[in-house]
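Overview (structure and organization)
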Amino acid sequence: MPLVQANDIEMYYEVTGEGEPLVLIPYLAADQACYAFQVADYAKHFTCYTVDLRGAGLSGKPEGTYTTELLADDVAAFMRAAGIPRAHVGGVSLGAAAGMWLAAKHPSLVKSLSLHSAWHATDPYLRAVVEIWRTMAKALDSVTDMVIQGIFPYCFTPELYAAKPDYIDALADFVRGRPMPPVDALLRQSGAVLSHDATAVLGQIQAPTQVTFGRHDSVTSTRFAGPLTEAIKDSELVIFEDCSHAAIYENVEEFNATTLAFLTRHAG
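A brief report on the enclosed structure follows. Being a predicted model, the structure only gives us computed values, none of them experimental. (Residues numbered from 1 in each chain as written. Predicted model: local features only at pLDDT ≥ 70, side-chain atom pairs only at ≥ 80, totals over all residues. Heavy atoms only, no water.)

With respect to the packing of aromatic side chains
For clarity, the threshold we go by: Note on ring pairs: Phe, Tyr and Trp rings are taken, using the six-membered ring of Trp, and paired if centres are within 6.5 Å. Classes follow the plane angle, with under 30 degrees stacked, over 60 edge-to-face and the rest tilted. The secondary structure listing takes helices from DSSP runs of H or I that are at least 4 residues long and strands from runs of E that are at least 2 residues long, numbered from the N terminus. The criterion for a charge sitting over a ring is simple: Lys NZ or Arg CZ within 6 Å of the ring centre, and within 35 degrees of the ring normal.
What the rule picks out here adds up to 8 aromatic pairs. The interplanar angle of 75 degrees and the centroid separation of 5.7 Å between the aromatic rings of Trp 133 and Tyr 154 together place this pair among those described as edge-to-face. Of the two residues, Trp 133 is situated in helix α4 (residues 124-140) and Tyr 154 in helix α5 (residues 143-155); the sequence distance between them amounts to 21 residues. Taken together, Tyr 13, Tyr 49 and Phe 78 form an aromatic cluster joined through their ring pairs. Arg 54 extends its terminal NZ or CZ atom over the ring of Tyr 66, reaching a point 5.7 Å from the ring centre. Above the ring of Tyr 167, the side-chain terminus of Lys 164 is found at 6.0 Å from the ring centroid.

Focus on the sheet that holds strand β2 (residues 9-16)
Applicable threshold: Two strands pair if DSSP finds at least two bridges between them. Working convention: axes come from line fits to C-alpha atoms, limited for helices to the stretch in contact. Angles between N-to-C directions cover 0 to 180 degrees. By definition, residues are in contact when any of their heavy atoms lie within 4.5 Å.
Strand order in this open sheet of 8 strands is β1-β2-β4-β3-β5-β6-β7-β8, and the pairing throughout is mixed. If you trace the sheet from one side to the other, it starts and ends with β1 (3-6) and β8 (235-240), each paired once. The sheet shows a mean angle of 25 degrees between the axes of neighbouring strands, direction not considered. Here strand β3 (residues 20-25) runs beside strand β4 (residues 46-51); their pairing, made up of 5 bridges, is parallel. From the neighbouring strand, Leu 22 faces β4, where its bridge partner is Cys 48. Each of β3, β5 (87-92) and β6 (110-116) is contacted by helix α3 (residues 94-105), which is oriented at about 150 degrees to β6, the strand it contacts most. Sitting on the sheet, helix α11 (residues 252-265) is in contact with β3, β4, β5, β6, β7 (209-214) and β8, with an inclination near 160 degrees to β6.

Some words on unusual backbone geometry
Our working rule: Only protein chains enter the accessibility calculation, which uses a 1.4 Å probe; a residue whose area is less than 20% of its type maximum is buried, one above 50% is exposed, and one in between is partly exposed.
The phi dihedral of Asn 7 falls on the positive side, at around 55 degrees, and the residue is not glycine. The residue Asn 7 is located in the loop between β1 and β2 in this model. One non-glycine residue, Ala 29, lies in positive phi territory at about 75 degrees. Within the element layout of this structure, Ala 29 appears in the loop between β3 and α1 (36-42). We classify Ala 29 as buried; its relative accessible area is 1%.

Quick look at α5
We apply this condition: Bend at a given residue is defined as the angle between two axes, one fitted to the seven residues that end at that position and one fitted to the seven that begin there. Whenever a nitrogen or oxygen atom comes within 3.5 Å of another N or O atom, the pair is scored as a polar contact, on the condition that within protein one atom can donate a hydrogen and the other can accept it, and that pairs from neighbouring residues in sequence are kept only if both atoms are in side chains.
At Gln 149, α5 shows its largest kink, close to 30 degrees, and the proline Pro 153 lies no more than four residues downstream. For α5, the set of buried residues is Val 143, Thr 144, Met 146, Val 147, Ile 148, Gly 150, Ile 151, Phe 152 and Cys 155. For α5, the elements touching its buried residues are α4, α6 (158-163), α7 (165-176), α8 (183-195) and α10 (247-250). Its side-chain oxygen at 3.4 Å from the backbone nitrogen of Thr 144, Ser 142 defines the N-terminal cap of α5.

What follows is the structure, given as structure tokens:
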């Protein structure tokens with residue numbers, strides 16, 4: 001079981017594929033397997049390092065205040081411990097928030113940056129949604145049930161629920177089969193979402209950056225597109241027209257093809 005000491009925690013990770021390193025950072029409450037539908041394609045071109053963030057999966061879940069900057073420092077420490085001098089870095093939602101801090105604070109580590117369903121600073125609407133999830137997790141005493149009942153409806157369009165109920169059920173079963181964090185760890189990790197504000201450091205990002213959104217996402221909607229692409233000098237914007245917050249599951253083929261095209265363009 002691959003574990004490395006990074007900052008003050010043990011971080012779990014898995015490695016798949018061949019080629020330049022690609023570090024994939026998970027979203028809220030998820031472990032590294034959340035990129036299962038991407039790694040199958042990415043690993044044909046890149047050595048994929050999928051990691052468990054502080055507070056989730058098989059990585060450490062210490063007490064204290066979590067911030068997206070701290071999560072970024074964890075990933076930087078992981079890369080150094082795992083002997084990865086420089087990598088392409090990608091993240092969805094919370095993973096993207098950590099990724100932008102990583103690229104801003106540790107530019108030598110990041111060759112390209114992929115920010116999916118990202119936001120530069122938490123606003124009142126996003127705060128309200130995350131507080132719903134926190135309340136549900138405490139009431140249900142289950143992060144697994146909260147994710148399926150509370151987060152899924154924000155991740156997928158009504159059309160996907162109607163057209164592919166079996167697929168939604170399969171994704172729910174996938175969540176049930178993963179090592180989900182206890183409620184207290186979820187509260188600490190979601191605290192990093194609530195406090196996220198990278199506005200002051202976005203201009204320090206030097207890596208070429210792809211910024212993507214789902215057209216129907218309300219959590220991190222295209223309201224965040226301007227602040228991100230205007231502040232990050234070498235950035236490009238992609239909108240997945242038929243998706244909500246989780247394009248990585250809602251349109252796997254288009255998401256993988258579009259993101260892989262960006263990654264391969266900046267490889268070598």
